[in-house]
Amino acid sequence: MRQVQLRILSFAALGFLLSTVSVAAKPPTDPAFIRERGRCAMRGTCGRKGAFGGALPCPDNDLAATSSDPIFLSMLSQICGPDFSPTTCCDISQLQTLMTSLSQAEPLLATCPGCHNNFKNFYCHFTCSPDQSQWMAVTETQEVKTGDEVKTAVKQLEVNIGKTFGQGFFNSCKDVKFGATNGYAMDLIGGGAKNYLSFLRYMGQERALGSPFEITYPDPSPDTAPEEFDSPILSPQFENMTIVPFNNKPLSCSSSDLNARCACLDCPQVCTTLPYLPSPKELASRRCYVGKMSCFAFSLVIIYAVGLVLFVLGLGYVEAAKRKWKASAGAGGAGVGGFHWPRWTRPGRSGYDRVPLEDPNITGAGGGGVLVDSPEPSSPVISTHGSSGGPSRSASGSRSNEPSQQRLVGASSTSQIFDSGRSSLTFPDNQRRRNTDLSLLDPSSDSLASSAGPNPFFQPRIYPLNTYLSRFFFNLGLVVSRAPFLTLAVCFLFCGLANLGWAKFEVEKDPVRLWVAKGSQSALAKEEFDKNFGPFYRTEQIFVYNARPLTSKTVPQGVATEQIVFDEDARPVLSWDRLKWWSTVEADIRSLKSYPNNYTLSDVCFSPQTEPKPPTDSSACVVQSLMGYFADSLEDLSERTWASALDSCATSPATCLPGSGQPMNPKLLLGGIPPSNEEEDGEDSVRVRASEAKALVVTYVVRNSLDKEVVEKAEEWEKSLEGYLKTLAAVDGVAREGWGLEVAYSTGLSLEEELNKSSNTDIPIVVLSYLVMFFYVSLNLGSSGAGLLKSLGKGILALAHGISNLFSLIPVPELIGGRRTRGRSRSGSITLSLAGSTAGLGTYLKRQLFVESKFLLGLWGIAIVLLSVSTSVALCSAAGIRVTLIIAEVIPFLVLAIGVDNVFILSHELDEQNVRAYSSGLRPGNVFSYAEQGDEDLPPAEERVARALGRMGPSILLSCLCEASAFSLGALVGMPAVRNFAIYAAVAVLINTLLQVTIFTSAMSMDLKRIESNRIDCMPCLKLPPDSSMDLSATVSEGLIARFIRTRYAPFLLLKAVKYFVLALFSGLFVLSWIGARHIHLGLDQRLALPADSHLIKYFNALDNYLDVGPPVYFISKGLNVTNRSTQRQLCGRFTTCDSLSLANVLEAERKRPEASFIAEPPAVWLDDFFQWMNPLLEDCCRVRRRDPTLFCAPTDSSAICRPCLEDQEPPWTITLEGLPEGPEFLRYLDQWLASPTDETCPLGGKASYSSAISRENTSVLATHFRTYHTPLKSQSDYINAMASSERIAKELSHRTGGEVVPYSLFYVFFDQYSTISSVARQVLTLALLAVFFVTGGVLGSWRTGGAVILTCFLTVINVLGVMGIWGISLNAISLVNLVISVGIAVEFCSHIARAFMGASAGGIPRQHPASSKDRDERARAALNDVGSSVLSGITFTKLIGISVLALTRSKLLEVYFFRMWLTLIISGALHGLVFLPVALSFLGGQGYALNSEDEDWIGAAVGTRYDHEGRPFMADEDDDDSVDSDRFY
């Protein structure tokens, strides 16, 4: 917008005419009125109507007169052209009025010769035509007193215009642009008319500042055909009186005549048509659908269904063939229940050195096996049952009470296992299922050599990297356990020094610096704009609407957000009383003073009239308010007239200018304006029904600057304004309580303050999360929680036993190890009897509560998390990386969820080490008596802690490396808030892992010593009496979850039928997720970053609902020499020699396809207005001294000493650009134009409109911008598409002009990420998955297992993407980082299980072996038994508890993009890690290796491994022996 004073545009000046009814022809007032050629209808001047009224012509039906006055003839020739007839119906005074009116309309129309000449032609004939009486007549007169004389003057005049001329006149002018206002000249001279009659009637309406008399234009007669309206019409009122409509041939703007041809901007007919470009909506409508399902989704479903059917059929065929083969093999004497396996040969030099699960010649169904006939001697394999005295299974699968046989390497009795003539050997289910107690024979043993070659059984594989890592962590654990206090001192010293970085701690609050990538194209465009043209204005905006919403809806795309929507039938927001009240509110705001410097609006506002100085009062400030239509006063209005006055001003903004002088678009002042009512107003109506608007919009424009003092002054006043508006908009404020109005507002400070508010309100949530996690960790760390539950259970049973003994009514079975016995015991079990006195129960419970609890250890775990967060923040702050609000809110939750996982893993592994230690040194005793155990029986506590760290350290390192790698890749995202978050998260994870393997390991060592010395938790200086101690083996109890996984879940999951079902299920889940992922939209609703009760949410809702004007967009041009004529033709649009695809013409062409370009308004082309300013016809614009043309005249200089700049220049100024300046002369005129004020004498002055649009240097123009407006943008996709369209246009303009053209709008910097985020997401996720694959494969030593892990992670991420599409979570930089985080977190659900799988049975057997499938099943089951409960309780539950607290946050951003996404990630990760991964490993897993030094002792591994549950004090149920073989479907 620019300052324009157009109070009098022409002699038929602007007035309000929105006539809604047809106008019938009226007879002349004089019955003797004669219509004939050469006769007048009016002539001369008969006075004025009021002191400030225009001159009124006199009725005159006499003949036209020929003048001989040379002055008159010269003026007539100058105004109307040399061909105009000297016989006229006007005098010299009328010519002078005509000249003044046409000169004032000249700036609006001079750019289009066709419109300009049609305009002059019509009004010259209107004023002076000798044939006036043929097409006009005076229908009403009035008496006017001039001095003492009373004259009769014209009051109403009827004019008949032929349709040919009228339509041609209108068509030549309807598209003429007025660049200063980014609008149309028709809006100013014709009130936005839609046809020629409305255009003429608008100009003819009598008005104080318009026409001094009424001019009517009758409709064509209903009985007259349109083509006949141009012909003479017989007057119905008078005989022999014929009306001949004025129907001169109009000039066409597309004519080849230079006196008529207009440029493309003003005449679409001459524009070059751009190639067809479909809009985003068109592209979306072209998508293929089958019903309501897209063709892509439909194809995926069909492919999945067909694949599933084929898979089931193929599987059934294979199983049927296998049964048939078994039946035929059994009939051939293969053995009882068996068949011949393909002969297994010793693998080549493949690196495998592990023994197979069982001899390849031994097989059996139902759990047994026999050694089938073979031409080669079979290798001796030892059959054993894990517990003495237990039954074994025969080859047929039946139970046998025969004692099991066990032979070790070198035993002399191994020959007894062979039967004469038929080598048969039984294999108990227990042994095959658990893959334990296998005899691994040294291939170098001579006793086993035979003529058939060396024995094919080998020792366990050893992976050097695993060996190194295990030893490293073992040694590290040993060092920190033996010197815990030194370890704590060193770690605390390191953290203390690192925390000195807090001195450089800074919080980034600037939204632009938070969400805009520094090197992005939009960020560079913003820097260029701010540097060359100054920063964009600060705006304070207020919406006022009825308080109570009738309906509500949600945003169709992105995350659901409530919006306020009003029923169309709701009453208007304005009434006379409300308007009076609002005028007092605006008066209060204008007088509002800030604290402490008492700044007012006039001190901080933007005022183009006075820039760079502030105005003397607020009347000159740019304030977009309807009060500006009334000069900020309602004195001249009443309850009866205010509505029509408002409608009139909204229809013709140029007639109701505010103090700033800028015409105000009603769409910027009022929202929800109803469309014109054609039934009421007539189809020609252009009346804007502003008084019926649903919302009032007020905008205060405040200066912005790179100068901090200017900004601080503005911010101080904004604080006062925000306080005033907060009181006004309160629930109990005067707006709602007194007037039933809702007030929504935003100031320049609002966004930053509201973003900061959400951080402060969530501090209690962070504290609550840590407290909840502390209690969970303390109660469930290791097996303390399960032990406490068991203690309570034992207490209840003991109480029941005492009561039964007392009353002899309730028999209680004897318990062995807390389980019913069935006439047998297991080796190594603890015999617990309840025969003792119940007096020991209290002592037992006391030990569980005070000694076995681990509150202090849990506190250490939580303290390490806090220390990790603090240290990471300090280190990153020292490196200059600022903290963001997201970091402050999320990092504590993230590190808590990740850090506690490792605490559980280490604590559970230490329990396993204790089980082995206690079992090996156990001396059974009574239930509450402590068996004295010497130091030689138990390994030292430090060694057990070191072994736990040595075994789980590589897994923790694997998780840490994967998570840190994934987080670090998040730093590739350019958005500073996201990049900083990724860096902080990676550093926090690394530091947390370092502190866990040092400080927490030391804490575990001290806590273990405390327990074994019977000291009280949290008060280790106190010790329970010795007689209250118990068996050490009773201090570790198998958890309920671990027991369920071992006895129920793992055997069931690895059934063959269940495995196939899992594959089918997760394949279907993958298909559904892929379909859901395609429904993800781009964007980030800014309302989500705000607290739920923020006043800005209400403001953004009102902005979407009521503001029907899009944001401005600037096309910045750099690197062009605008002083050169060829460059000028590449930029201009208002001249006939401008390039057809010049910058201005392309922008105009794009405006004509707004659905694709999102451009709604004509461009403001400074070059066009600059050249028009030099037009000699505009005598009050560019002026120089007559005596010295090198000196420019000031606006106040007399016209007697000044002349137009190019008045006498040769060649003269023309519409072809000939005669216009170039080179240094161009710059001289340009500087004067930019200093020329924009006022009523010359609205084309450049100071107000373009002084900030051009960046000048001494001898050149550095940069310029061309302004236009976007269409109203309502959704995130609208903003993204609008920006993409502008970038496309700028790229094409750069190619055509040879310079650099970049688009800039205020919102571009926030949406720049979406131009590349899809490709960046694919790249980052691919890199993250590849990084995890290489890290996992390298650390685990198996690319197959690494592939299974990465497949699981990939499916987890796809699942999260699918839920995002279903849950309405948009893709943006925040959700992208969460997706990268999901890769790292998914690894944590997989890494421990994968490593346990690699180490199960000391690595298993090669894949070439026929029994390798069984081996992988057993190893997958062993992995679940080993770490499944830790993954569920220590990883899944801890993360769920940690993240569930985020549901209480007031920030929608945290709720949607962190709580929802992380909840999805945790559930999906747990399902894939605990369900899909074991199945995938059973199919894809590679051969493993010995995890620790004990397993590397292959002879020791032959007699027992850590996976043998028979060596645990918590015994498996007897029905554990009845688990189903994984090869069966039932």
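In the block above lies the structure referred to throughout.
Summary of the structure given here. (Residues numbered from 1 in each chain as written. Predicted model: local features only at pLDDT ≥ 70, side-chain atom pairs only at ≥ 80, totals over all residues. Heavy atoms only, no water.)

**What to know about helix 17 (residues 642-651)**
Test applied: Exposure categories follow from relative accessible area, calculated using a 1.4 Å probe and restricted to protein chains: below 20% of the type maximum is buried, above 50% is exposed, and the middle band is partly exposed. Numbering of helices and strands starts at the N terminus; helices are DSSP runs of H or I of at least 4 residues and strands are runs of E of at least 2. In this analysis, two residues are considered to be in contact whenever any of their non-hydrogen atoms come within 4.5 Å of each other.
Burial analysis of helix 17 places 8 of its 10 residues in the buried class, the great majority of the element. Buried within helix 17 are the following residues: Trp-642, Ala-645, Leu-646, Asp-647, Ser-648, Cys-649, Ala-650 and Thr-651. Where the residues of helix 17 are buried, they touch helix 15 (576-591) and helix 18 (666-669).

**Examining the nonpolar core**
To be explicit about the condition: Among the buried residues, those of types Ala, Val, Leu, Ile, Met, Phe, Trp, Tyr and Cys that are joined through side-chain atoms within 4.5 Å form a nonpolar core.
Among the nonpolar cores identified, the biggest contains 292 residues, and Phe-126, Trp-1166 and Phe-1170 are the most heavily contacted of them. Ignoring anything within four residues of it in the chain, the contact list for Phe-1170 reads Phe-1226, Tyr-1229, Leu-1230 and Trp-1233. If you look at the next biggest cluster of nonpolar residues, it comprises 47 residues, including Cys-621, Met-664, Ala-693 and Ala-735.

**Comments concerning the pattern of salt bridges**
Rule in force here: Within this document, salt bridges are pairs made up of a side-chain nitrogen of Lys or Arg and a carboxyl oxygen of Asp or Glu, the two lying within 4 Å of each other.
Enumeration over the complete set of coordinates arrives at 41 salt bridges. One salt bridge in this structure joins Lys-580 and Asp-577, with 3.8 Å as the shortest N-O distance. In this pair, Lys-580 and Asp-577 are both assigned in helix 15, 3 residues apart and thus about one turn of the helix distant. The exposure class of Lys-580 is partly exposed, given its relative accessible area of 37%. Under the relative-accessibility criterion, Asp-577 is labelled partly exposed at 42%. One salt bridge in this structure joins Arg-736 and Glu-742, with 2.1 Å as the shortest N-O distance. The class for Arg-736 is partly exposed, based on a relative accessible area of 24%. A relative accessible area of 7% places Glu-742 in the buried class. Because the salt bridges share partners, they merge into one network encompassing Glu-1150, Arg-1153, Arg-1288, Glu-1292 and Arg-1296.

**Looking at the pairing of strand 33 (residues 1261-1269)**
Where a strand is regular, its side chains alternate between the two sheet faces. The test is simple: DSSP calls a pair of strands paired once it identifies at least 2 bridges connecting them.
Where burial is concerned, most of strand 33 is hidden: 8 out of the 9 residues are buried. For strand 29 (residues 1112-1118) and strand 33, the ladder comprises 7 bridges, and the chain directions are antiparallel. The residue bridging Pro-1112 from the neighbouring strand is Tyr-1269, located in strand 33. Bridge count for strand 32 (residues 1254-1256) against strand 33 is 3 bridges, and the pairing is antiparallel. Paired with Ile-1254 across the strands is Thr-1264, a residue of strand 33. Here strand 32 hands over to strand 33 after 4 residues, the two strands then running antiparallel side by side.

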